[in-house]
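Residue-level structure breakdown
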There are 2 protein chains.
Amino acid sequence: MAEAAPKQRSPAAPRPVRCIVKLGGAAITNKGELESIDEESLRSACAQLRQAMSDGTAPEKVRGMDWSRRPGDPADPVVDAEGFAGMAGLGLDSNFVVVHGAGSFGHFQASRSGVHKGGLHSTLVKAGFVATRISVTSLNQEIVRALAREGIPSVGMSPFACGWSTQRRNLASANASQIIESLHAGFVPVLHGDAVLDESLDCTILSGDVIIRHLAQLLTPKYVVFLTDVHGVYDRPPTDPNAVLLKEIEVDDNGGWSIVKPALEGNRKGVEISVAAHDTTGGMETKILEAAVIARLGVDVYITKVDTEHSLRALKGDVNTSSDDWLGTVIRAAK
Amino acid sequence: MAEAAPKQRSPAAPRPVRCIVKLGGAAITNKGELESIDEESLRSACAQLRQAMSDGTAPEKVRGMDWSRRPGDPADPVVDAEGFAGMAGLGLDSNFVVVHGAGSFGHFQASRSGVHKGGLHSTLVKAGFVATRISVTSLNQEIVRALAREGIPSVGMSPFACGWSTQRRNLASANASQIIESLHAGFVPVLHGDAVLDESLDCTILSGDVIIRHLAQLLTPKYVVFLTDVHGVYDRPPTDPNAVLLKEIEVDDNGGWSIVKPALEGNRKGVEISVAAHDTTGGMETKILEAAVIARLGVDVYITKVDTEHSLRALKGDVNTSSDDWLGTVIRAAK
């Protein structure tokens, strides 16, 4: 985290953001198959988000806000304009921000061309930058649509187009004023990991986890939820039958972290190393490091599995670590 | 044009922009059919843009930059990464900006909900705002793809997400710094008419023509091209067999305009009224008014028909009004 504070031009947030949600690439796409959405997980995540947002006055019947044709679908869209015209309000506390990963979108294009390494003088990198953005923005479009079909007033906001940029891969410029204006107007901004310009390398990939960490620092939400394809953070690969789910992790003022629950045998340092080592892509390690920065702000971070009763409770902020019936990892500041 | 200058935070453009191109909604979509792209016109416009950008060193074989699956297409994308790796450069003078209209995208959603009239306290307007943005951004995605398939390094930039906003429908904030950074990095920004926030009305529709006028004022391109579905501006509806194509219009310092070519019978005022009156949607009148503002900057504006030899000449900037073999309307400042 040894990076300069990004330049900002952000009005004060009008009311506290309730939750920043990361829809992990592994949770909402089929990682092994090029540009394939896990429709059922995405639908569940959007429906649970609506439940979490509902303030008790939301109508039971969902009125969808996607009035477009679906790709490949010749039928006219269902437009419920009359229904909306008669509604007093949505009945939703929509003060959420959604950030999603790329999963099986973008990664292929980025790795074929080396966009993350920079160097736009190379025509391959330039072409890969274009191809990567087409891929991740098409996923963004589908996620905005899925949220809108649940009646959530979602608006896509692409970090590259918003002018977010990096300096040696560290966030250098991150204008959040339009995100805040959108929240103020009652919309749910939907951002994503993106190919961006880099002041030193020409270009690189900005991950959704870094975006979340920055927005958490800026907006100080009540809690942050990472939805993924496993129940949380384990002490070794979750496929290992002896893997133990780490249910509560505390982060101290120096950024060090320790496992509070469950009580594990051996020294904690050993556990830390095996946690970090179990994901060779750096995905889970990055997630824990970014989550630790958020937790140090006093914001609880919940990591849990999409499309479960646990994800619904996390999205509602209804997580009690003293009870055993919640499956997931809580990362919070040491008291 | 009695509006305050929008707030700007824009670095100086690194080199003169060659051309700002408007892909008119009527030119690239089938206006009568909901969310239907005129694939042949769009393909032609993109291929002609590539020809116009070619600096003589571009390879004959086009290497596409869309490495994504097409919606509804199960086949893997064609990825020519090896071909790009061996290229010294694209051979394209890509210093262009593309702005497109909505055509049969967005209009239906906006008119059903009244987004242009504002009032986000109405759930119908809020839902319509979301629906309109889904529609226009899905068209943007398809246009970025079509340009990328021609090997043009296109990047989509949505005005709402970029923070463009209005005050009583007049442009109030229009940050072009990321557009300029993108041009500097060798990309072709692709913007579009969009639903945006409005300081007085909550929200409204920002048209592509207004975006073009603002970018022309800011970037002072060598020329501006409007591609549409007719040969140019006529003195009455083009469907009228007696309609005359106005080939050259001069704009004076006061913003008044007069028809230089052809020499028409009757007084010019009469012609002005009939031109303005022939399009009840205000589309052509708005276009002429915005074009007149651009022409007063000393920037020639060419209005011509997509997918013709005339559109190719316009995109190349190769228009000679003293010869009769070019069909279109030139709007320029009076000398």
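A quick note: this is a predicted structure, and the numbers were derived from the prediction, not measured.

1. Overview of the overall build of chain A
In terms of helices and strands, chain A carries 10 helices and 15 strands. Expressed as a percentage of its 335 residues, the buried residues of chain A come to 61%. In chain A, 74% of the contacts between residues at least 6 apart in sequence involve partners at least 24 apart. Approximately 12800 Å² of chain A is accessible, and the part contributed by carbon and sulfur atoms is 49%.

2. Some words on the relation of the copies chain A and chain B
Least-squares fitting of chain A to chain B yields an RMSD of 0.0 Å, with the transformation described by 0.0 Å of translation along the axis and a rotation of 180°. Here the copies are linked by what is in effect a two-fold axis. Distance from the rotation axis, computed per C-alpha, reaches its smallest value in chain A at A:Cys162: 2.3 Å. Mapped onto chain B, 100% of the interface residues of chain A again fall at the interface, so both copies present the same surface.

3. Quick look at the packing of aromatic side chains
The way to describe two aromatic rings as a pair is by their centre distance and the angle between their planes. Residue and element names in this part refer to chain B. Throughout the structure, instances matching the rule amount to 10 aromatic pairs over all chains. Look at Phe129 and Phe160: their rings are 5.6 Å apart centre to centre, the planes differ by 70°, and that puts the pair in the edge-to-face class. Taken together, the residues Phe129 in helix α5 (residues 123-149) and Phe160 in the loop between β3 (154-156) and β4 (165-167) connect sequence positions 31 residues apart. By relative accessible area, Phe160 is classed as buried at 0%.

4. Focus on helix α6 (residues 177-184) of chain A
Counting buried residues along α6(A), six of its eight residues qualify, which places the element largely inside the surrounding structure. All buried positions along α6(A) are accounted for by A:Ser177, A:Gln178, A:Ile179, A:Ile180, A:Ser182 and A:Leu183. Residues of α6(A) that are buried sit in contact with β2 (96-100), β3 (154-156), β6 (188-192) and α7 (208-219) of chain A together with β7 (194-198) of chain B. Positive backbone phi, at 90°, marks A:Gly186, one or two positions downstream of α6(A).

5. What about the sheet that holds strand β6 (residues 188-192) of chain B?
Residues and elements named next belong to chain B. Read from one edge to the other, the open sheet built from nine strands follows the order β3-β6-β2-β1-β9-β12-β13-β10-β11, with strand pairing classed as mixed. Unpaired on one side and paired on the other, β3 and β11 (257-261) mark the two borders of the sheet. Ignoring which end each strand starts from, the neighbouring axes of this sheet average 20° apart. Against the sheet, helix α10 (residues 309-316) makes contact with β1 (19-23), β2 (96-100), β9 (223-228) and β12 (300-305), and its axis sits at roughly 160° relative to β9, the strand it touches most.

6. Quick look at unusual backbone geometry
Residue and element names in this part refer to chain A. Residue Pro262 follows Lys261 across a cis peptide bond; omega there is 0°. Positionally, Pro262 belongs in the loop between β13 (257-261) and α8 (268-277). Of note, Glu35 is a non-glycine position whose phi angle comes to about 50°, a positive value. At Arg169, a residue that is not glycine, the phi angle is positive and equals roughly 75°. Owing to a relative accessible area of 43%, Arg169 belongs among the partly exposed residues under this scheme.

7. Some thoughts on the interface of chain A and chain B
Listed by partner, the interface residues are 61 residues for chain A and 61 residues for chain B. Contact with chain B buries surface across chain A, with A:Trp67, A:Thr123 and A:Ile134 losing the most and accounting together for 14% of the total. A salt bridge links A:Arg112 to B:Glu82; the shortest N-O distance between them is 3.5 Å. Our count for the chain A to chain B interface comes out at 22 residue pairs in polar contact (both at pLDDT 80 or more). With 17 residues, the top contributor of residues to the side of chain A that touches chain B is helix α5 (residues 123-149) of chain A. For the side of chain A that touches chain B, a count of residues per class yields 31 nonpolar, 18 polar and 12 charged.

8. A word on the side chain of A:Gln109
Among the structural elements, A:Gln109 can be located in helix α4 (residues 107-113). Of the polar contacts made by the side chain of A:Gln109, one reaches the backbone oxygen of B:Trp67; its length is 3.0 Å.

9. As for the UniProt feature "binding site: ATP" (unreviewed entry) in chain A
Residues and elements named next belong to chain A. Those residues carrying the UniProt feature "binding site: ATP" (unreviewed entry) are Gly103, Asp229, Gly283 and Lys287 in this numbering. As for its position among the elements, Gly103 is in the loop between β2 and α4. Overall, Gly103 belongs to the buried group, its relative accessible area being 5%. For Gly103, the contacting residues outside a window of four places in its chain are Gly25, Thr29 and Lys31.

10. So, the packing of helix α2 (residues 39-53) of chain B against α10(B)
Residues and elements named next belong to chain B. As a packed pair, α2 and α10 sit with axes 9 Å apart at the nearest point and diverge in direction by 40°. The angle between α2 and α10 falls in the class oblique. The two elements α2 and α10 meet at a crossing, and its hand is right-handed. Where α2 abuts α10, its residues Ala45, Gln48, Leu49, Gln51 and Ala52 lie against Ser311, Leu312, Leu315 and Lys316. Taken together, the residues that form the contact of α2 with α10 break down as five nonpolar, three polar and one charged.

Thresholds applied
- Residues numbered from 1 in each chain as written.
- Chains lettered and ligands numbered in written order.
- Predicted model: local features only at pLDDT ≥ 70, side-chain atom pairs only at ≥ 80, totals over all residues.
- Heavy atoms only, no water.
- Helix = DSSP H or I, 4+ residues; strand = E, 2+ residues; numbered from the N terminus.
- Buried < 20%, exposed > 50% of the residue type's maximum accessible area, 1.4 Å probe, protein only.
- Contact = heavy atoms within 4.5 Å.
- Areas by Shrake-Rupley, 256 points an atom, 1.4 Å probe, with all protein chains shown as cover.
- Least-squares fit on C-alpha atoms with pLDDT ≥ 70 in both.
- Phe/Tyr/Trp six-rings, centres within 6.5 Å; stacked < 30°, edge-to-face > 60°.
- Pairing = 2+ DSSP bridges.
- Axes fitted to C-alpha atoms, helices over the stretch in contact; angles between N-to-C directions.
- Buried area = accessible area lost by both parts, 1.4 Å probe.
- Salt bridge = Lys/Arg side-chain N within 4 Å of Asp/Glu carboxyl O.
- Polar contact = N/O pair within 3.5 Å; in protein donor to acceptor, adjacent residues only side chain to side chain.
- Nonpolar A, V, L, I, M, F, W, Y, C, P; charged D, E, K, R; others polar.
- UniProt positions renumbered as here; feature names shortened; annotations may be inferred.
- Parallel < 35°, antiparallel > 145°, perpendicular 65-115°, else oblique.
- Left-handed = near helix turned anticlockwise from the far one by under 90°.

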